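Here is what each chain is made of, one letter per residue.
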Amino acid sequence: MGRYANLFDVRGKVALVAGGTGAIGGEMARALAEYGARVAIAGRSQAGAEQAASRLADAGGTAMGVALDVTDAGSVADAVAAVEAQYGPVEVLINAAGTHIEQPADELDLAAWDTVLDTNLRGAFLLSQAAARSAIAGGVSGSHIHVTSVRSELGIRRGYAAYCASKGGLGILIKQLATEWGPRGIRVNGIAPTFTRTPLVEGYLSDPDFYSALVNRIPLGRVCETADLVGIALLLASDASAMITGQNIFVDGGVTATQ
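Given the structure is predicted, the values throughout are model-derived calculations rather than measurements. (Residues numbered from 1 in each chain as written. Predicted model: local features only at pLDDT ≥ 70, side-chain atom pairs only at ≥ 80, totals over all residues. Heavy atoms only, no water.)

Let's shift gears to the sheet that holds strand E2 (residues 38–43). Here we have 7 strands laid out as an open sheet, ordered E3-E2-E1-E4-E5-E6-E9, and parallel in their pairing. Edge positions in the sheet fall to strand E3 (62–67) and strand E9 (248–251), since each of these pairs with one other strand and no more. When the angles between neighbouring strand axes are averaged without regard to direction, this sheet yields 20°. Examined bridge by bridge, strand E1 (residues 14–18) and E2 share 5 bridges and lie parallel to one another. Across the sheet, residue alanine 18 finds its bridge partner in E2, namely alanine 42. Of the strands in this sheet, strand E4 (92–95), strand E5 (142–147), strand E6 (186–193) and E9 are in contact with helix H8 (residues 230–237), which crosses E6 at around 170°. (Pairing = 2+ DSSP bridges. Helix = DSSP H or I, 4+ residues; strand = E, 2+ residues; numbered from the N terminus. Axes fitted to C-alpha atoms, helices over the stretch in contact; angles between N-to-C directions. Contact = heavy atoms within 4.5 Å.)

Have a look at this one:
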């Protein structure tokens, strides 16, 4: 006995969590820290990132905060360099940074399109590229985990053209990067949740009509909670998923099984 006791072990691994000051990224960062990873929380505000890191450190974890604009290659490179200086090469990347601007397709302006695509798709590539360069130069393997969406595969009867395009593009980018970097020991996967409860969407969920219509489309009969995403993140960050790459794993209560 004991062969698999450390299968999900992430102790000592260096993890960069982009969007780590948000609800989803923050929950994943906390889980990694609880399981012993050295976590760099990256957010738009240096002060906000450091505050989030301090909370993890106060709870017994090892964490640092870095400022990050995922749309800016220089900012991404600086963030990775800061992580390397303190902890070493990036072994785990979690990309929970994202945005959405809802506009009907016939009214969608290019500024909104560019903002969504730059954050959700360009940003994902810049993060993965920088993390891969760090791992390759440092001689370590890597696991990149991008938060995508059920909208990477499913359309919706609302103004989601930019969002769906960005997440759909990210889905195939994950496969391409996994194909290119597999020989270098770097795995790339996605986690695709359905509608997830965060402070940003509480207004929607507090509307009984909206909530009822939403959960009636989900076979498990509820929305996704941030805690529902922790297990799959730990799986993909650890050697338990050593043969999983290029996948967009749906955590959706069965939504994509019905559509």
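Together, Tyr4, Leu7 and Phe8 give the surface a local cluster of nonpolar side chains, amounting to about 320 Å² of exposed area. Looking at the element boundaries, tyrosine 4 is found in the segment before E1. (Patch = residues over 30% accessible without salt bridge, like charges linked within 9 Å, V, L, I, M, F, W, Y side chains within 5 Å. Areas by Shrake-Rupley, 256 points an atom, 1.4 Å probe, with all protein chains shown as cover. Salt bridge = Lys/Arg side-chain N within 4 Å of Asp/Glu carboxyl O.)

Viewed as axis vectors pointing N to C, helix H1 (residues 23–34) and H8 meet at an angle of 55°, and their least axial separation amounts to 9 Å. As summarised for this structure, H1 and H8 are arranged oblique, according to the angle between their axes. Relative to H8, the crossing made by H1 is right-handed. In this structure, H1 uses Glu27, Met28, Ala31 and Leu32 to contact H8, whose residues at the interface are Val230, Ala233, Leu234 and Ala237. (Parallel < 35°, antiparallel > 145°, perpendicular 65-115°, else oblique. Left-handed = near helix turned anticlockwise from the far one by under 90°.)

In the structure shown here, the tally under the stated rule is 6 salt bridges. With a shortest N-O distance of 2.9 Å, arginine 11 and aspartate 9 are connected by a salt bridge. Residue classification places aspartate 9 among the partly exposed residues on the basis of a relative accessible area of 25%. Salt bridges sharing partners connect three or more residues here, namely Arg197, Glu202 and Glu225. (Buried < 20%, exposed > 50% of the residue type's maximum accessible area, 1.4 Å probe, protein only.)

With that out of the way, let us pick up the side chain of serine 75. On the secondary structure map, serine 75 appears in helix H3 (residues 73–86). In terms of polar contacts, serine 75 uses its side chain to reach the backbone amide nitrogen of aspartate 69, at 2.8 Å. In this view, serine 75 contacts Ala67, Leu68 and Asp69; residues no more than four positions away in its chain are not counted. (Polar contact = N/O pair within 3.5 Å; in protein donor to acceptor, adjacent residues only side chain to side chain.)

What follows covers the packing of aromatic side chains. Counted under the stated rule, the structure contains 4 aromatic pairs. With a centroid separation of 5.7 Å and an interplanar angle of 80°, the aromatic rings of tyrosine 160 and tyrosine 163 are classed as edge-to-face. We classify tyrosine 160 as buried; its relative accessible area is 14%. Between tyrosine 204 and phenylalanine 210, the aromatic rings sit 5.3 Å apart at their centres with planes inclined by 40°, giving tilted as the arrangement. Residue classification places tyrosine 204 among the partly exposed residues on the basis of a relative accessible area of 38%. (Phe/Tyr/Trp six-rings, centres within 6.5 Å; stacked < 30°, edge-to-face > 60°.)

The values reported here are purely geometric and, on their own, carry no functional implication.
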